[in-house]
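Listed below are the residues making up each chain.
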Amino acid sequence: MRSETAVPVKLSEYTPTPYAIKTVDLDFNLAPDNTIVVARSAIEPREGTSAGTPLVLNGDELTFVSASVNGEALGEEAYAIGETTFTLKTPPAEPFTLEITTKLSPQANTKLMGLYRSSGNYCTQCEAEGFRRITYFYDRPDVLAVYTTRIEANKLDCPVLLGNGNPVESGDVEGTDNHYAVWHDPHPKPAYLFALVAGNLGSISEKYTTASGKPVDLNIYVEHGNEDRADWAMDSLIRSMRWDEKVFGREYDLDVFNIVAVSDFNMGAMENKGLNIFNDKYILADPDTATDADYEGIETVVAHEYFHNWTGNRITCRDWFQLCLKEGLTVFRDHEFSSDERSRPVKRIADVRVLKSHQFPEDAGPLAHPVRPDVYKEISNFYTATVYEKGSELVSMIKTILGEDGFRKGMDLYFDRHDGDAATIEDFIKSFEDATGEDLSQFALWYSQSGTPELTVATHYDDAAQTFTMEVSQKTRPTPNQDSKKPFVIPVRFGLVGSDGSDLAYAKVEGAEVRGNVLLIKEDAQTIVFHGVSEKPVASLLREFSAPVTLKSDVTLDEQLFLMGSDSDPFNRWQAAQTVATHMLIQMSEGSEPEGTSRFIAAIGKIAEDDALDMAFRALCLQLPTEGDIARELGSNVDPEAIYKARRTLRQKIAETLFDRFQSLYARVEPAKPFSPDAASAGARALRNSLLGYLAASGKADGAQIARDHFESADNMSDRIAALNCLVHERIDGYQQALVAFCDRHQKTPLAIDKWFVVQATDTSSDTLERVKELTNHPAFSWSNPNRVRSLVGAFVAGNQRCFNAADGSGYNYLSEITLKIDRANPQLAARMLNAFRSWRALEPTRRALAEEALRKISAAEQPLSPDVSDITERCLQ
Ligand code: B3K
Ligand code: ZN
């Protein structure tokens, strides 16, 4: 590897900066290749800093122009410019003003970090370390300053000029074609929350009044022509603001809240104070171009970024190790919001699917790390499913353990105590301890120990004594840098289900603390005895998925089928279906005939037809575990081809067996017209489209015709894309014409063309890789746009298990080639793609060797690697 090995940053080495920066006045004069930034900072030594301690600021790819202290230009002897630093050698002992001028080229910024251009507009992304690409600064989250930003740009090119906080002044710059605007943000904030937007944009606006009566102007800016696709985002924003007032007592704190959607963005969105910047995928929607999943994604991401205003911005992180303090908590808050807005069990199942498909494999492989890591080389690589999704699960467990009231008290104390702080996980946990008197020291291990605990439960019912005994043990496999682990506190929500499907009463419990219907497991092994249980129950454990663990229990196939039909907890009904299917698929992938297939198929049919159940829930129960789910369950010696075949066989069997019933149900399910994105309508479409999937997979002519008709008659994107998927993936006559028709219809809408890329990239035919390569030459594709790359290349490497894991290693080689290609322009995007190797060690030996070879090709490449890509490669190979 030719890149310099980055120095690891360690949690244990945290020290505050020797200087504080109180205020920053930024002056931007924008031009594509020659933007001038003047940063005037009011700086003072912190208590204890000895006089003359050098001031060392961060910088990255900056052109330094000049610097002055208290208005006096600095001579060259007074400062030093390093590759990543600016050092003021002997700062004054008293508070002083440092002014630094830098020059940037937003046009040439392909990393999409710092100040860059998207469709000709200027925008910024500063988290985690992008502000140092704008000016030399203490670019770390524990330096909080009050920002004032003056933006000057050409009036015609950039009629819109936006900054953080409130607008204070604007006007023409005399004698030029420029105008300017000044924004002031009264809330001290870290540099990563800085933002600026300048460009030619359209907008929609609304007025909002907070619970205490403060008026707020809400604006969403989009590229011209997209204004009428921003209504759902605005609606979501208003509902989020109301919800945060009601559920957490949190109000908005500025006069304006601006959102800007841009088309080139490395992630989903960014919570900059008062000026959220979004990937347009999470703003733009209309029925013809966006699916129900897109509408839901917009609602969630708009809420998430808004909720950061309190969890992230008002209370920020002391250092990047504490990232989960804002991310895990804010994901928890957006999950709660969506659960309240939609169906709670359906949302829970969807969230757990994401957790299990993204976080569990991460936690089981070479990239595993604690929710609060203690060392990193490249922080951009730690915006992971573990920090976000598992981080959210930890907050949810705190709520389960403390109960609704205790949780709210703890949150209130956290907000009261830490408003305006750069806080730590310890501060967060302490707030709950102090508010409730609970000792959470063992619970805190969840933040420092990586790996998914495995919970094993063996049960026994004693008829004569009327006791039900559970032998419970927990084990967490070794993970990088952590060979042995202490036992976790695991809250297990449970019920003892009796033969009529209702939960049985019990007189008392020995061997574990029980709170309500939650068992608190705290030891490596413990025996729990329920007394006074009138009949042999079936244990329904981990209801609502009350802890992020894997569960091995002795519940039999018959009992699982019983829970599938009768458990009062919908989550566990779904889970039982998944457990049964997973066991069957594993047996099939190993070449044996599974037990219980016909009973499982009958149970699936029954759920599908049960009109008492939510349609979205029925749709979820119809989804078989993914190939990734099965691979994860196997854990080692994974043969993706065998898994693919097993899954396809079972799917076809279900389709053939239930064809007539599914056909009549399909005809019966009619989503309401006209189109509405609400949860009930989306649920009806989801059920109908799941049924369509089976009808198309049946191999029957009728099924094929239904799929063609579905495509032709679709009046919304959810239906159209579901049908296109069936046509292409089942190779139904007419699929090529459908692909052409889709592309023609949506050629002016890049976000819709992304779906067209995904359909083709996830096709499991043997020539898919060639097709993906061809499509990279399609006029709609662009290597510089992250959404396009993720839709085509990302969907292939992460969403097409069969072809990415082709036995000849072609998929792996392709990933190493494109990683190197993308890395030259956009390291973060390249590192994201490379994550597809995170489970390579679990593969069967031949593929494992090929994957290792492909990873080694990256590390041995001639070109210098970014810290992002070298970090992932190194950790994968460790
Ligand atoms: N906080 C941002 C993520 C920034 C990622 C930087 N590489 C979005 C979010 O989680 O809300
Ligand atoms: Zn976030």
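Residues numbered from 1 in each chain as written. Chains lettered and ligands numbered in written order. Predicted model: local features only at pLDDT ≥ 70, side-chain atom pairs only at ≥ 80, totals over all residues. Heavy atoms only, no water.

1. Here's the deal with the site of ligand 1
- Not every one of the 14 residues close to ligand 1 is listed here, only the nearest: Glu-127, Ala-269, Glu-271, Glu-305 and Tyr-388.
- Glu-127 is positioned such that a nitrogen or oxygen atom in its side chain is 2.6 Å from a nitrogen atom of ligand 1.
- Protein contacts shield 95% of the accessible area of ligand 1, which totals 340 Å² for the unbound molecule.
- Class assignment for the residues of the shell around ligand 1 results in six nonpolar, three polar and five charged. (Near = heavy atom within 4 Å. Polar contact = N/O pair within 3.5 Å; in protein donor to acceptor, adjacent residues only side chain to side chain. Areas by Shrake-Rupley, 256 points an atom, 1.4 Å probe, with all protein chains shown as cover. Nonpolar A, V, L, I, M, F, W, Y, C, P; charged D, E, K, R; others polar.)

2. Things to note about the domain arrangement of the protein
- Entries for the protein in the domain assignment read domain 1 (316-448) and domain 2 (454-543).
- With 14 residues of domain 1 at the interface, the matching set in domain 2 holds 14 residues.
- Along the contact surface separating domain 1 from domain 2 lie one salt bridge.
- The shortest N-O distance in the salt bridge between Glu-438 and Arg-515 comes to 3.0 Å.
- The interface formed by domain 1 and domain 2 holds six residue pairs in polar contact (both at pLDDT 80 or more) in total.
- Those elements that provide at least two residues to the side of domain 1 that touches domain 2 are α5 (385-418) and α7 (445-448).
- Classifying every residue of the side of domain 1 that touches domain 2 by side-chain character gives eight nonpolar, four polar and two charged. (Domains from an automatic or database assignment. Contact = heavy atoms within 4.5 Å. Salt bridge = Lys/Arg side-chain N within 4 Å of Asp/Glu carboxyl O. Helix = DSSP H or I, 4+ residues; strand = E, 2+ residues; numbered from the N terminus.)

3. Things to note about the coordination of the zinc ion (ligand 2)
- The coordination sphere of the zinc ion (ligand 2), as far as protein atoms go, consists of His-304 (NE2), His-308 (NE2) and Glu-327 (OE), spread over 1.9 to 2.0 Å.
- Each donor residue of the zinc ion (ligand 2) lies on the same chain, and together they follow the pattern H-x3-H-x18-E. Taken as a pair, His-304 in helix α2 (residues 292-307) and Glu-327 in helix α3 (residues 323-341) lie far apart in primary sequence, 23 residues in all.
- You can call His-304 buried: its relative accessible area is 7%.
- A residue is classified by how much of its surface remains accessible, and Glu-327, at 1% relative accessible area, is buried. (Donors = N, O, S within 2.8 Å, 3.2 Å for Na, K, Ca; no water. Buried < 20%, exposed > 50% of the residue type's maximum accessible area, 1.4 Å probe, protein only.)

4. As for unusual backbone geometry
- Omega for the peptide link from Glu-127 to Ala-128 comes to 0°, which places this bond in the cis form.
- Along the chain, Ala-128 falls in the loop between β11 (121-125) and β12 (145-154).
- Here Lys-673 and Pro-674 are connected by a cis peptide whose omega angle stands at -5°.
- Residue placement: Pro-674 occurs in the loop between α14 (659-668) and α15 (679-697).
- Positive phi values are uncommon outside glycine, yet Ser-119 reaches one of about 50°.
- Looking at where Ser-119 falls in the secondary structure, it is placed in the loop between β10 (114-118) and β11.
- With phi around 60°, Leu-542 is a residue other than glycine that occupies positive phi space.
- Note on Leu-542: relative accessible area 4%, which makes it buried.

5. Topic: the nonpolar core
- Counting 279 residues, the largest nonpolar core has Phe-86, Ile-283, Tyr-447, Met-470, Phe-600 and Phe-837 as the members making the most contacts within it.
- Taken together, domain 1 (316-448) and domain 2 (454-543) each give at least three residues to this core, which thus spans both.
- Among all residues touching Tyr-447, those that are not within four sequence positions of it are Cys-324, Pro-370, Val-371, Arg-372, Leu-394, Val-395, Ile-398, Ile-425, Phe-428 and Ile-429. (Core = buried A, V, L, I, M, F, W, Y, C linked by side-chain atoms within 4.5 Å.)

6. Some thoughts on the packing of helix α9 (residues 570-589) against helix α12 (residues 627-634)
- Orientation of α9 relative to α12, taken along the N-to-C sense of each, is 75°, at an axis distance of 10 Å. If you check the angle between α9 and α12, you find them roughly perpendicular. Within the contact between the two elements, α9 uses Gln-578, Thr-582, Leu-585, Ile-586 and Ser-589 and α12 uses Asp-629, Ile-630, Glu-633 and Leu-634.
- Of the residues contributing to the contact of α9 with α12, the split by class is four nonpolar, three polar and two charged. (Axes fitted to C-alpha atoms, helices over the stretch in contact; angles between N-to-C directions. Parallel < 35°, antiparallel > 145°, perpendicular 65-115°, else oblique.)

7. Quick look at the sheet that holds strand β8 (residues 85-88)
- With respect to topology, three strands assemble into an open sheet ordered β4-β8-β7, the strand pairing being antiparallel. A strand with exactly one partner marks an edge of an open sheet, and here the two such strands are β4 (55-58) and β7 (79-81). With strand direction ignored, the average angle separating the axes of adjacent strands in the sheet is 15°. (Pairing = 2+ DSSP bridges.)

8. Focus: the pairing of strand β25 (residues 454-462)
- Pairing between β25 and strand β26 (residues 467-475): nine bridges, direction antiparallel. Bridge assignment links Val-457 to a residue of β26, and that residue is Val-472.
- Counting the residues that bridge the hairpin from β25 to β26 gives four residues, and of these Gln-466 lies at a positive phi of roughly 55°.
- Strand direction decides the pairing type here: β25 and strand β33 (residues 550-553), joined by four bridges, are parallel. Paired with Leu-455 across the two strands is Leu-551, which belongs to β33.

9. Observations regarding the sheet that holds strand β27 (residues 490-497)
- The sheet built from four strands is open, its strands ordered β29-β30-β27-β32 with antiparallel pairing. The open sheet has two edge strands, β29 (513-515) and β32 (538-541), and neither has a second partner. Recorded for the sheet is a direction-independent mean angle of 35° between the axes of neighbouring strands.
- Pairing between β29 and strand β30 (residues 518-521): three bridges, direction antiparallel. Residue pairing across strands places Arg-515 opposite Val-518, the latter belonging to β30.
- Helix α8 (residues 557-566) rests against β27 and β32 of the sheet, and its axis sits at about 60° to β32.

10. What about the pattern of salt bridges?
- Per the counting criterion, the structure on display carries 73 salt bridges.
- For Arg-150, the salt bridge identified is with Glu-152, shortest N-O distance 3.0 Å.
- Assessed through its relative accessible area of 8%, Glu-152 is described here as buried.
- With a closest N to O distance of 2.7 Å, Arg-314 and Asp-419 form a salt bridge. Of this pair, Arg-314 sits in the loop between α2 and β22 (316-317) while Asp-419 sits in the loop between α5 and β24 (422-423); the two residues are 105 residues apart in sequence, bridging distant segments of the chain.
- Overall, the relative accessible area of 32% leaves Asp-419 in the partly exposed class.
- Among the charged side chains, a network of salt bridges with common partners joins Asp-235, Arg-239, Glu-296, Glu-299, Glu-341 and Arg-342.

11. What to know about the packing of aromatic side chains
- Within the structure shown, the criterion is met by 49 aromatic pairs.
- Aromatic pair Phe-28 and Phe-194: ring centres 5.7 Å apart, planes at 15°, arrangement stacked. Residue Phe-28 is found in strand β2 (residues 19-29), and its partner Phe-194 is found in the loop between β15 (178-189) and β16 (196-199); the two are separated by 166 residues along the sequence. No difference in accessibility class separates Phe-28 from Phe-194, as the two residues are buried.
- Ring geometry for Phe-804 and Tyr-812: centres 5.2 Å apart, planes at 80°, overall edge-to-face. There is no split in this pair, since Phe-804 and Tyr-812 are both buried.
- Among the aromatic residues, those joined into a ring-pair cluster are Trp-243, Phe-248, Tyr-252, Phe-257, Tyr-306, Phe-307 and Phe-337.
- Positioned over the ring face of Phe-248 is Arg-333, at 4.7 Å from the centre of the ring.
- The lysine or arginine in question, Arg-651, covers the ring of Tyr-694, its NZ or CZ lying 4.9 Å from the ring centre. (Phe/Tyr/Trp six-rings, centres within 6.5 Å; stacked < 30°, edge-to-face > 60°. Lys NZ or Arg CZ within 6 Å of the ring centre and 35° of its normal.)

12. Concerning helix α24 (residues 827-834)
- Burial within α24 is extensive, with seven of its eight residues counted as buried.
- Of the residues making up α24, those classed as buried are Pro-827, Gln-828, Leu-829, Ala-830, Ala-831, Met-833 and Leu-834.
- Taken together, the buried residues of α24 touch α21 (786-799), α23 (810-823), α25 (845-859) and α26 (867-877).

13. Concerning the environment of Ala-854
- Topologically, Ala-854 is positioned in helix α25.
- For Ala-854, a relative accessible area of 0% translates into the label buried.
- Placed 814 residues apart in sequence, Ala-854 and Arg-40 show a C-alpha to C-alpha distance of 48 Å.
- Apart from the residues lying within four places of it in its own chain, the contact partners of Ala-854 are Tyr-812, Asn-813, Ser-816 and Phe-837.

14. A look at the pairing of strand β18 (residues 215-223)
- Inspection of the sheet shows strand β17 (residues 201-209) paired to β18 by nine bridges, in the antiparallel sense. Each residue of the ladder has a partner; that of Tyr-208, found in β18, is Val-216.
- Between β17 and β18, which pair antiparallel and follow one another directly, the connecting turn spans five residues, one of which, Gly-213, has a positive phi of 95°.
- Bridging between β18 and strand β19 (residues 256-262) involves five bridges; their strand directions are parallel.

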